[in-house]
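Residues per chain are reported as follows:
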Amino acid sequence: MADVFLVRHGETEWSRSGRHTGWTDVPLTEHGREEARRLVPLIRSHRIGAAFVSPLQRARETAELIGVPDARVDADLREWDYGGYEGVTTVEIQRTRPGWFLFTDGVAPGPPEHPGETPEQVGERADRMLSKVEAALANTEGVVLLVAHGHFLRVLTARRLGLPPADGALFQLATGTLCRLGTEHDRPVIAGWNIRPAGPVTAAGGR
C-alpha cells in the first residue's frame, strides 16, 4: 500500500506567537514560504497519486510552493475550530483555566458561525478525510498528499493509527515539515515525522 504524506503549512505570524489559528485566514510569513520551498526536493522525489489541501490560504499557498498547485481543496482538512479561543495562546487560556489542554478539554464556545469543536468532532472529520484517502489509495498510483494544519493533522494521525482523537497530543508537529504514514505487515505506522531537509531553497515548479 502506498504511503500518505502530511505537510503542515509554513509559519504564520500567529503560529510563531502561539496563537490558536483555526478559521482566521492568515498568510504565511516569508520564513513560512521558505519552509515550504525547502520541501520541494522531498515532494519531487515521489510520485504524487492524489493531493488534497485545506481551503485556508496558508495551506493553499504551501501546496503551491511545494509544487502541487492543483491539489483538491477539501473543507474536511481545515484546522480545529477553536471557537472562543481563536487567536488566544495556551498561556492566556490557562490563566483562567489552569491545566487546560486542548486535546482533552476542547474549547470555549465561539460565535454561531464558528462555535468550536470537541476533540471527538475533529476526530469525526479526520475519519471522513481518511475514508477519502483510502479511496484515493485504491484508485491511484503513488502517495496521497495532504496539506493542512498542525492540530488537525495530529488528530488524523492518531485516527490513522487506530487511536482516539485525544492521542493526537502525542505527535508534536512543526510548521513546514513533511510526515510520512506508511504500513508494516499491513498495519499503519509512522514512517517519518517532522522531516525538514537542510540546504538551500529550491524553486518550486512542476510536481
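So, a few notes on the structure that sits alongside this text. Here the structure is a predicted model, which means the values were calculated and not measured.

The relative placement of two packed helices comes down to the angle between their axes together with the axis-to-axis distance. At a closest axis distance of 9 Å, the pairing of helix α7 (residues 119-139) and helix α8 (residues 150-160) adopts a crossing angle of 65 degrees. The orientation of α7 with respect to α8, classified from their angle, is roughly perpendicular. Pair α7 / α8 crosses with right-handed handedness. Contacts from V122, G123, R125, A126, D127, M129, L130, E134 and L137 of α7 reach α8 at F152, V155, L156, R159 and R160. Of the residues assigned to the contact of α7 with α8, the class counts are eight nonpolar, one polar and five charged.

This part is about the nonpolar core. Of all hydrophobic cores here, the largest spans 31 residues; its most connected members are L6, F52, W80, V144, L146, F152 and L156. Looking at this core, the elements that each hand over two or more residues are β1 (4-8), β2 (48-53), α6 (102-105), α7, β4 (143-148), α8 and β5 (178-184). Element by element, the count of residues in this core is highest for α7, at seven residues. If sequence neighbours within four positions are ignored, W80 has contacts with G22, L102, F103, V107, E117, T118, P119, V122, R125, H151 and V155. The next biggest cluster of nonpolar side chains, apart from the first, holds 19 residues, and it includes A51, V68, V143 and V147.

Reading the values: the criteria
- Residues numbered from 1 in each chain as written.
- Predicted model: local features only at pLDDT ≥ 70, side-chain atom pairs only at ≥ 80, totals over all residues.
- Heavy atoms only, no water.
- Axes fitted to C-alpha atoms, helices over the stretch in contact; angles between N-to-C directions.
- Helix = DSSP H or I, 4+ residues; strand = E, 2+ residues; numbered from the N terminus.
- Parallel < 35°, antiparallel > 145°, perpendicular 65-115°, else oblique.
- Left-handed = near helix turned anticlockwise from the far one by under 90°.
- Contact = heavy atoms within 4.5 Å.
- Nonpolar A, V, L, I, M, F, W, Y, C, P; charged D, E, K, R; others polar.
- Core = buried A, V, L, I, M, F, W, Y, C linked by side-chain atoms within 4.5 Å.
- Buried < 20%, exposed > 50% of the residue type's maximum accessible area, 1.4 Å probe, protein only.

From the geometry alone we can't say anything about function, so treat these as descriptive.
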